[in-house]
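# Summary of structural features
Take a look at the letters that make up each chain.
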Amino acid sequence: MKIRTLLVGLIAVGLSAAAVAAEPIVIKFSHVVANDTPKGKGAEKFKELAEKYTAGAVKVEVYPNSTLYKDREELEALQLGAVQLLAPSLAKFGPLGVKEFEVFDLPYIFDGYDDLHKVTYGAVGKQLFTKLEGKGIKGLAYWDNGFKSFSANTPIRTPEDLKGKKMRIQSSKVLEEQMRELKALPQVMAFSEVYRALQTGVVDGTENPISNLYTQKMYEVQKYLALTDHGYLGYAVITNKKFWDGLPANVRTQLDRAMQESTEYANKIAKDENDKALEVVRASGRTQVTKLTDAERMAFKKALVPVHKKMESRIGVELIQSIYKETGFDPSRL
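Residues numbered from 1 in each chain as written. Predicted model: local features only at pLDDT ≥ 70, side-chain atom pairs only at ≥ 80, totals over all residues. Heavy atoms only, no water.

### Some thoughts on the confidence of the model for the chain
Let me state the cut-off plainly: What pLDDT conveys is the predictor's confidence in a given residue, as a value from 0 to 100. Any two residues whose heavy atoms approach within 4.5 Å at even a single point are treated as in contact.
Looking at the chain as a whole, its pLDDT mean stands at 92, while 93% of the residues score no less than 70. Overall, residues 1–20 carries pLDDT values under 50, and its contacts beyond four positions in sequence, including any with other chains, amount to zero contacts.

This is how it looks when you write it as structure tokens:
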């Protein structure tokens, strides 16, 4: 009887251990935008592929719209291991002490997606990711959102039109300098707070890819939008390095595969999503959309490219020059 009881107990312990072993690895993926943005859709695609390729060994929980952490909180949460995946905008790494990522904030440094991808898919992008490792962070991929345009409650056709305007920006010394070049007043503010600030007049305007302007309903409280395409807004998909390195090798291989494919997906849809959002904003009748002439766009370019020179000491001359080399951009030709 005792032997039987012992055997039953051992079997129960064995089943319990098997149940524990079968528990999936939970990856919390937190981000600050809506599910129907390029980043939101990319996160959902990663969840789908990660769970598929690991045959359920991994469960991905996606937390959009700052439901888990706000802008200022999420990087610390990642470093502490409270969350495993983030996709912060590239400007977020400056306050963390990795100022080189602010090179992506330089106005007009990329003349479209082809130029951009020479950097984000190339050696320069990989080199930048290595600078995060000392902070306990591993970079996995760059995801596009799109190119930013200025919006406000007064018409925008020239750089002078933004003079004296309180313009919301992310926390970035480059973006602060950009606004000062326009004689605007930079206002650093969390993304989740922008709609209310625009609605109440705490800020006069902002800069965003059109998909953000639309999905966050900012177009409802912005009367004018100028299609300046003056700057890039993208994200780095990052993880806690200790967590990632500690994953079983076979699981990590499948997650790398899922990340590569979801990156291709997210970047492919980014331009389409912004184009669709622009049509909806136009059709709403709430925001007057201005397509700048070539001369008007060049005026913005000439006004803002001097920011590159002013930021050399912060970002690094060699890094800026390496991007010029990749893209063929020559500011002296303006």
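### Quick look at helix α10 (residues 249–284)
As a reminder, the rule being used: Each helix corresponds to a stretch of at least 4 residues labelled H or I by DSSP, and each strand to a stretch of at least 2 residues labelled E; elements are numbered beginning at the N terminus. Any helix carries an expected span of 1.5 Å times its number of residues minus one.
A rise of 1.5 Å per residue sets the reference length of α10, with its 36 residues, at 52 Å; its end C-alpha atoms lie 50 Å apart and thus fit the reference within 8%. Positive phi appears at G285, one or two residues downstream of α10, with a value of about 75°.

### Comments concerning the nonpolar core
To be explicit about the condition: Buried Ala, Val, Leu, Ile, Met, Phe, Trp, Tyr and Cys residues form a nonpolar core when they are joined through side-chain atoms within 4.5 Å. Buried residues are those whose accessible area, probed at 1.4 Å on protein chains only, stays under 20% of the maximum for their type, while exposed residues exceed 50% and partly exposed ones sit between those limits.
Of all hydrophobic cores here, the largest spans 54 residues; its most connected members are F93, F101, V103, F104, L106, F110 and I238. With five residues, strand β4 (residues 137–152) is the largest single contributor of residues to this core. Every residue in contact with F110, bar those within four places of it in the chain, is listed here: F104, D115, L116, V119, F147, Y232, I323 and T327. In this structure, I27, A141, A197 and A266 belong to the second largest nonpolar core, which totals 44 residues.

### Things to note about the pattern of salt bridges
Our working definition: Here, a salt bridge means any side-chain nitrogen of Lys or Arg that lies within 4 Å of a carboxyl oxygen of Asp or Glu.
Across all of its chains, the model carries 20 salt bridges by this definition. Between K45 and E48 there is a salt bridge, with its nearest N and O atoms 3.6 Å apart. Of this pair, K45 and E48 both sit in helix α2 (residues 38–53), three residues apart, roughly one helical turn. Since its relative accessible area comes to 43%, E48 is described here as partly exposed. The partner of K59 in a salt bridge is E61, with the nearest N and O atoms 3.8 Å apart.

### Looking at the packing of aromatic side chains
Put simply, the test is: Two rings belonging to Phe, Tyr or Trp (six-membered ring only in the last case) form a pair when the distance between their centres is within 6.5 Å. Interplanar angles under 30 degrees mark stacking, angles over 60 mark edge-to-face geometry, and anything in between is tilted. In our convention, an over-ring charge means Lys NZ or Arg CZ found within 6 Å of a ring centre and within 35 degrees of that ring's normal.
Summed over all chains, the structure comprises 14 aromatic pairs. Ring geometry for F129 versus Y142: centroids 4.3 Å apart, planes at 10°, classification stacked. Of this pair, F129 sits in helix α5 (residues 123–130) while Y142 sits in strand β4, placing them 13 residues apart in sequence. A relative accessible area of 10% places F129 in the buried class. Taking the centre distance of 5.7 Å and the plane angle of 55° together, the rings of F147 and Y232 count as tilted. Remark: Y232 occurs in strand β8 (residues 224–240) and F147 occurs in strand β4; sequence separation between them is 85 residues. When sorted by exposure, F147 lands in the same class as Y232, which is buried. Connected via pairs of aromatic rings, a cluster forms that spans F93, F101, F104, F110, Y113, F129, Y142, F147 and Y232. Above the plane of the ring of Y235 lies K39, whose end atom (NZ or CZ) is 3.7 Å from the centre. The positively charged end of R257 is found above the aromatic ring belonging to Y53, 3.6 Å away from the centroid.

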